[in-house]
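Now for the letters of each chain:
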Amino acid sequence: AKKTKKAAPKINYVTVEDYGDSIVSRLREIFAKAQATAYPTAPVFPVVVTETSNPKFGDYQCNSALGLSKLLKTVNINEAPPVVAKKIVAAVEKGDLIKELEVAGPGFINVHLQHDFIGAHVGSILTAGVSSPKITKRKAVVDFSAPNIAKEMHVGHLRSTIIGDSICRLLEFVGFDVARINHVGDWGTQFGMLVAHLQDTFPNYLVETPPIADLQSFYKESKQRFDADKTFKARAYECVVKLQNFDEDIVKGWKLICDVSRADFNRIYQRLDVTIIERGESFYQQRMIDVVAELDAAGVLKTEEGRRLMFPTDCTIPLTVVKSDGGFTYDTSDMATIKHRIFEEKADWLLYVVDAGQSLHLETIYAAARDLGYYTPEEKRVQHIGFGLVLGEDKKKFRTRAGDTVRLTELLDEGVKRSEEKLREKGRHEVLNEAELAAAKEAVAYGCIKYADLSHNRINDYVFSFDRMLDDRGNTAVYLLYCYARIRSIARNAGLTRKDLNEKLAAQNGVIQLKHEAEVRLGKQILKFADTLLLVLDTLLLNTLCEYVYTLSTVYTDFYGFCQVITKDKEGKIESIDYNRLALCEATADTMAACFKILGIRTLEKI
Ligand code: ARG
């Protein structure tokens, strides 16, 4: 008989202490209270609140009446959904949030928000800054980037770097304690081969730093010898054993090799504004020995053809924790790693930003850790943050024209070159000084590469196209950066500082008045930032945040088309300033800047 697997109940890992401006949470609370008042004998029923799909139906809607009507039958109340909806509406305490409620269709409750509530929120951004709902602080370990020493850092690592950094930024934004960990591949048999080759090619390496210019070719040379030459192979194995016993001279050679790769990696992180702590596989050597001893003592290991295996519950493949030659594997290092993160780092969230191809490996590690009682899913969020491949415009694996793997340094260089060309095409070099142009070309290039990646659902493969990501009329970082800089220029050209503006608005208690429909729409979109954050914290899908900021910029553009902010006379002298509208502009830019910060995109006041 086939075992039917029950879907695991969804666990909410985000505990909101103070809703702040999360409208969905506030409405949920209001409707929960109303439901309990209207039907005190009914079993507890979850409130369903969503944004409306069509502004005709108001701003938000509560859809509980339909389900509640069914549930009420169990306590002998027979009322159709529209009747239930009406009773709930009658019990709602509107407070300062809700202007109007109406029952529509088969029992939906449409919610219209108070404009002054929205206006007060916009005002608070100007005086107190863009804020997040207060969320219970957690310790998170985010494993991302993780290239391999002596090998090229490739586009897969670029994706991991971009997505991982953005997730860290998101968690830091809401106040988490975040450890950004680079689990570099710096351990294993290939290092014996590399050090043995180093001894032969640079016999002086202990006293003089060898000038390894091209570690890739160095790797290839040593691999060739390893495959062809038996005595070399034997020496390579000897070196691994010595390395794992921390033999001083061998460790020195290993370090030299790591340094070469490390310098390359760091240059890339620097360009992309990524901070990360290196803690590679080598860090876990003693812990691997310990974890294998623990597994052995627990009696969970089986020996097959000299290999020591663990078969975690419900998994299709076993973990190989000791190879037949006695060596450790990727599995062993990840078992030691997860143990370290749980018991030594004491992390609540363990996120692994690794390509989707490694899902089976990671799920097996997690299952083993649960079997060993390291954690339960209720108390810890242990999750593989998978992502698809990077494809070329031909929809095939991303490669150079010659068919080689693309080197990241060259990719970033090309981005900067193309971004500068675009800026010059638009005549920006005539407006910006040299330093501004230099800042702009980098912000645009790196911003576009990151945004192109983050704006796609990470689970899917994504097509890398400079033409598309640098198109200033599409949903791209450069489009958003232009929009942002234009907004900032309004107050600047009017010669108004934030302090001036806030003083002007003090007379109305900092509550921005929203009259024109386009003003109201913009205010509402700004207000949705908090709910977007909560959503993204739950799914860790950054494309939702990209969609939010893109919509914000299009709603803003509509507003700016309809609503005059600054009126000038024929000579171009300022006649009047609409301070409410200027406040909306500034709050939009502040909110965009908060999104850019989370997405890792540098902002430009001028472009
Ligand atoms: N170095 C690995 C690779 O290039 C990624 C490591 C991911 N992290 C982990 N804990 N397994 O594929």
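Thresholds, definitions, all that
- Residues numbered from 1 in each chain as written.
- Predicted model: local features only at pLDDT ≥ 70, side-chain atom pairs only at ≥ 80, totals over all residues.
- Helix = DSSP H or I, 4+ residues; strand = E, 2+ residues; numbered from the N terminus.
- Buried ≥ 20, exposed ≤ 12 C-beta atoms within 10 Å, placed from the backbone.
- Contact = placed C-beta atoms within 7 Å.
- Pairing = 2+ DSSP bridges.
- Axes fitted to C-alpha atoms, helices over the stretch in contact; angles between N-to-C directions.
- Expected span 1.5 Å × (residues − 1).
- Near = placed C-beta within 6 Å.
- Nonpolar A, V, L, I, M, F, W, Y, C, P; charged D, E, K, R; others polar.
- Parallel < 35°, antiparallel > 145°, perpendicular 65-115°, else oblique.
- Left-handed = near helix turned anticlockwise from the far one by under 90°.
- UniProt positions renumbered as here; feature names shortened; annotations may be inferred.
- Core = buried A, V, L, I, M, F, W, Y, C linked by C-beta atoms within 7 Å.
- Right-handed = clockwise from strand over helix to strand, strands pointing away.

Q: What exactly am I supposed to notice about the overall build of the protein chain here?
A: From N to C terminus, the protein chain includes 22 helices and 18 strands. Viewed in the frame of its principal axes, the protein chain has a C-alpha envelope of about 85 × 75 × 40 Å. Each of the 607 residues in the protein chain was classed as buried or not, and the buried ones make up 39%. Pairs at least 24 residues apart make up 72% of the contacts formed inside the protein chain by residues separated by at least 6 positions.

Q: How should I be thinking about the sheet that holds strand E7 (residues 139–143) in this particular structure?
A: Note on sheets: strands pair through backbone hydrogen bonds, and any given pair is parallel or antiparallel. Strand order in the open sheet formed by five strands is E9-E8-E7-E13-E14, and the pairing between neighbours is parallel. Taken across any chain shown, the strands that pair with only one partner, and hence form the sheet edges, are strand E9 (277–278) and strand E14 (381–385). Note: E7 against strand E13 (residues 349–353), four bridges, orientation parallel. Counted as the bridge partner of Val 141 is Leu 350 from E13. Against the sheet, helix H5 (residues 155–173) touches E7, strand E8 (177–182), E13 and E14, its axis set at about 155° to E13.

Q: I'm lost on helix H9 (residues 248–271) in this one. Help?
A: Side chains of residues three or four places apart in an α-helix project in the same direction, reflecting 3.6 residues per turn. Between its first and last C-alpha atoms H9 spans 34 Å; for 24 residues at 1.5 Å apiece the expected length is 34 Å, and the two agree. Inspection of H9 places Ile 250, Gly 253, Trp 254, Ile 257, Cys 258, Ser 261 and Phe 265 among the buried residues, and these make up the whole buried set. Those residues of H9 that are buried are in contact with helix H6 (190–201), helix H7 (215–228) and helix H8 (230–244). Where H9 terminates, the next one or two residues include Asp 273, which has phi positive at roughly 55°.

Q: Would you mind going over the site of the ligand with me for this structure?
A: In the region of the ligand, the neighbouring residues are Asp 143, Ala 146, Asn 148, His 183, Gly 185, Asp 334, Thr 337, Tyr 352 and Val 354. The class makeup of the residues in the shell around the ligand is three nonpolar, four polar and two charged.

Q: Just to check I follow, could you spell out the packing of helix H4 (residues 115–128) against helix H22 (residues 579–599) for this structure?
A: As a packed pair, H4 and H22 sit with axes 9 Å apart at the nearest point and diverge in direction by 65°. Judged by the angle between their axes, H4 and H22 are roughly perpendicular. Pair H4 / H22 crosses with left-handed handedness. Note on element contacts: H22 touches H4 through Ala 583, Leu 584, Glu 586, Ala 587, Asp 590 and Thr 591, opposite Val 122, Gly 123, Ile 125 and Leu 126. Partitioned by chemical class, the residues of the contact of H4 with H22 number six nonpolar, two polar and two charged.

Q: Please clarify how the sheet that holds strand E4 (residues 98–104) should be interpreted in this entry.
A: Taking strand neighbours across the sheet as the criterion, the four strands line up as E2-E3-E5-E4 in an open arrangement whose pairing is antiparallel. Where the open sheet ends on each side, the last strands, each with one partner, are strand E2 (49–51) and E4. Between one strand axis and the next, the sheet turns by 25° as a mean value, whatever way the strands run.

Q: Teacher, can you tell me more about the UniProt feature "domain: Arginyl tRNA synthetase N-terminal" (unreviewed entry) in the protein chain here?
A: UniProt annotation of "domain: Arginyl tRNA synthetase N-terminal" (unreviewed entry) refers to residues 25–113 when read in the numbering used here. Annotated as 38% helix and 21% strand, the span residues 25–113 places its first and last C-alpha atoms 14 Å apart.

Q: Which parts of the structure should I look at to understand the nonpolar core?
A: Soluble, globular proteins show a tendency: their nonpolar side chains are buried together. Formed by 157 residues in total, the largest nonpolar core has its most connected members in Val 142, Cys 448 and Leu 599. With 13 residues, H22 is the single largest residue contributor to this core. Residues in contact with Val 142, not counting those within four places in the same chain, are Gly 164, Ile 167, Cys 168, Val 178, Arg 180, Ile 181, Leu 351 and Val 353.

Q: Help me out: how do you make sense of the environment of Cys 483 in this one?
A: Mapped onto the fold, Cys 483 is located in helix H17 (residues 477–493). The class of Cys 483 is buried, set by 23 C-beta atoms lying within 10 Å. Sequence spacing of Cys 483 and Asn 433 is 50 residues, and the spatial spacing of their C-alpha atoms is 20 Å. Contact partners of Cys 483, with chain neighbours within four places excluded, come to Ser 553, Tyr 556 and Thr 557.

Q: Can you walk me through the pairing of E7 in this structure?
A: Two faces make up the sheet, and in a regular strand the side chains alternate between them. With respect to burial, E7 is a largely interior element, four of its five residues being buried. Tracing the backbone out of E7, into H5 and back to the parallel element E8 gives a crossover that is right-handed.

Q: Any chance you could explain the environment of Leu 534 here in plain terms?
A: Considering the arrangement of structural elements, one finds Leu 534 in helix H20 (residues 529–539). Given 21 C-beta atoms within a 10 Å radius, Leu 534 is considered buried. For Leu 534 and Ile 601, which are 67 residues apart along the polypeptide, the C-alpha to C-alpha distance reads 20 Å.

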